[in-house]
Amino acid sequence: MVRRIEVTGSGGVPLAAWEFADPPKAGDAAGETGRAPGVLLLHGLMGRASHWAGTARWLAERHRAVALDQRGHGQSAKPTDAPYTRETYVADAVAAIEQLGLGPAVLVGHAMGALTAWQLAAARPDLVRGLVICDMRASALGAASQREWEQWFDAWPTPFATLGDVRKWFGEDDPWVERPSAARGEFYAEVMTEHEDGWRPVFSPAQMLRTRETWVHDAHWDELAQVTCPTLVVRGLDGALGRAEAQEMVRVLPQGQYAEVTDAGHLVHYDQPGAWQAAVQPFLDGLPEG
C-alpha cells in the first residue's frame, strides 16, 4: 500500500507526505499510547520521499513511518515566491508531525533533511523522542562549496534523452563520481520527469541552490548541542561526513551514538539498505517509549 497524504506547510504551501506500507494494527506495536510510534523521514537536497520507500517498509513493522516531500521537491508544491529558508523547512516538518499526529516522533534525516531534523529537535523537543542523522556535516561548508555546486549543475547534460542516459551519467560519467555507482544512477533517475524534449529534474536547480545557500555559510554545532533526545549519527565510509567530524558531533550531542556503514557513500540508506537497517535498528530498539 502506498498512500499520499496532504499536509499544509508553512505559509500554506501544499506538501505531499507518503506512507509506503500499512502501519502496525492497534496493539501490535502500540505501547502505552495505544498507537504505533511515529517516524518522520526527511530526504536531502534534490531528494524525494520515495527515496525512503525501503526504509519506510521495514519501519512499518513497528512504526507509523511517513516520508515527506519537502517544499520544492517531489510532488510537493514548488512556488517561486515562497521562502526556502531553514525556518520554513523546519516549520514544514513541524506541520507534518502535528497534522499527522506523529509526535513525539523519531526523526530520520539524510543530508539537508538531517539538518532540518536536528534543528527541529533543538527547537521543539516536545515533538521528538529520537533522532537519526545520516551523513550531514555540522561545520560550515563555505562559499567555495556553493560555487562548486553551481558549476556541477551547469555540467548536467540536460535534457537527458532517456532514463538510461540519466543512470549512466550520474552513475558513471558525472565528474563528481569517484567510482561507478549504479545506486547513484538510480537515485537521480528517481528525481527526473519526462518533458517533450527529454528528461529533466522534477525540481528547479536554481531553487536548490537558493535553498542550499541558506545553510552552507553557517556552522550548526550550537543547535546540535541543544538536541536533548537520543541521537544516532550515521556516516558512509566514503560519504560527505568524515569520521573525525562525526565523532565530534556525537561528543557534542548530550545523548549521541555513532554508527558507520562500510561500502557506502553519501547515499547510505539508498546505497546499502541492509547495512543501513542493521545500523539503525538497535538504536530504535533502545529508545524509550514516547
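A short tour of the structure in this document, coming up.

## Topic: the packing of aromatic side chains
Part 1 of the reasoning: Taken as a whole, this structure holds 19 aromatic pairs when the rule is applied.
Part 2 of the reasoning: An angle of 75° between the planes, with centres 6.1 Å apart, marks the rings of Trp 152 and Tyr 188 as edge-to-face. Placement of the pair is Trp 152 in helix α4 (residues 143-155) and Tyr 188 in helix α6 (residues 182-189), with a sequence separation of 36 residues. Accessibility classification places Trp 152 together with Tyr 188 in one group, the buried group.

## Some words on helix α9 (residues 243-252)
Part 1 of the reasoning: When α9 is considered as a whole, its buried residues turn out to be Glu 245, Ala 246, Met 249, Val 250 and Val 252. Buried residues along α9 cover an arc of 165° about the axis, so they all sit on one side. Among the exposed residues of α9, those pointing more than 90 degrees away from its buried face are Ala 244 and Arg 251.

## Some words on the pattern of salt bridges
Part 1 of the reasoning: On inspection of all chains with the given rule, the structure shows 16 salt bridges.
Part 2 of the reasoning: Salt-bridge contacts for Arg 71 lead to Asp 92; the nearest nitrogen and oxygen are separated by 2.6 Å. With Arg 71 in the loop between β4 (64-69) and α2 (86-100) and Asp 92 in helix α2, the pair connects residues that are 21 residues apart, well separated along the chain. Across this residue pair, the class does not change: Arg 71 and Asp 92 are buried.
Part 3 of the reasoning: By sharing partners, the salt bridges in this structure join Arg 3, Glu 19 and Arg 64 into a single network.

## Re the pairing of β4
Part 1 of the reasoning: In terms of burial, β4 is largely enclosed, as six of its six residues are buried.
Part 2 of the reasoning: As defined by bridge partners, strand β2 (residues 14-19) adjoins β4 across three bridges and the pair is classed as antiparallel. The residue of β4 that forms the bridge with Ala 17 is Leu 68.
Part 3 of the reasoning: The pairing of strand β3 (residues 38-42) with β4 spans five bridges and is classified as parallel. Each residue of the ladder has a partner; that of Leu 40, found in β4, is Val 66.

## Describing the sheet that holds strand β5 (residues 105-110)
Part 1 of the reasoning: Taken in spatial order, the eight strands of this open sheet run β1-β2-β4-β3-β5-β6-β9-β10, and their pairing is mixed. Pairing within the sheet leaves two strands with one partner each, and these edge strands are β1 (3-8) and β10 (256-261). Between one strand axis and the next, the sheet turns by 25° as a mean value, whatever way the strands run.
Part 2 of the reasoning: Relative to the sheet, α9 contacts β6 (128-134), β9 (231-236) and β10, its axis offset from that of β10 by approximately 155°.

## Observations regarding α6
Part 1 of the reasoning: Of all eight residues making up α6, six are buried, and the element is well covered by its neighbours.
Part 2 of the reasoning: On its buried face, α6 sits against α4, α5 (163-173), β7 (192-195) and α10 (268-271).

## Regarding the packing of α5 against α6
Part 1 of the reasoning: Running from amino to carboxyl end, α5 crosses α6 at an angle of 130°, the nearest separation of the two axes being 7 Å. Overall, the two elements α5 and α6 adopt an arrangement that is oblique. Crossing angle aside, the handedness with which α5 passes α6 is right-handed. Across from Leu 163, Val 166, Arg 167, Phe 170 and Gly 171 in α5, the residues of α6 making contact are Arg 184, Gly 185, Glu 186, Tyr 188 and Ala 189.
Part 2 of the reasoning: Tallied by class, residues from the contact of α5 with α6 come to five nonpolar, two polar and three charged.

So, how was this worked out
Residues numbered from 1 in each chain as written. Predicted model: local features only at pLDDT ≥ 70, side-chain atom pairs only at ≥ 80, totals over all residues. Heavy atoms only, no water. Phe/Tyr/Trp six-rings, centres within 6.5 Å; stacked < 30°, edge-to-face > 60°. Helix = DSSP H or I, 4+ residues; strand = E, 2+ residues; numbered from the N terminus. Buried < 20%, exposed > 50% of the residue type's maximum accessible area, 1.4 Å probe, protein only. Arc of directions from axis to C-beta. Salt bridge = Lys/Arg side-chain N within 4 Å of Asp/Glu carboxyl O. Pairing = 2+ DSSP bridges. Axes fitted to C-alpha atoms, helices over the stretch in contact; angles between N-to-C directions. Contact = heavy atoms within 4.5 Å. Parallel < 35°, antiparallel > 145°, perpendicular 65-115°, else oblique. Left-handed = near helix turned anticlockwise from the far one by under 90°. Nonpolar A, V, L, I, M, F, W, Y, C, P; charged D, E, K, R; others polar.

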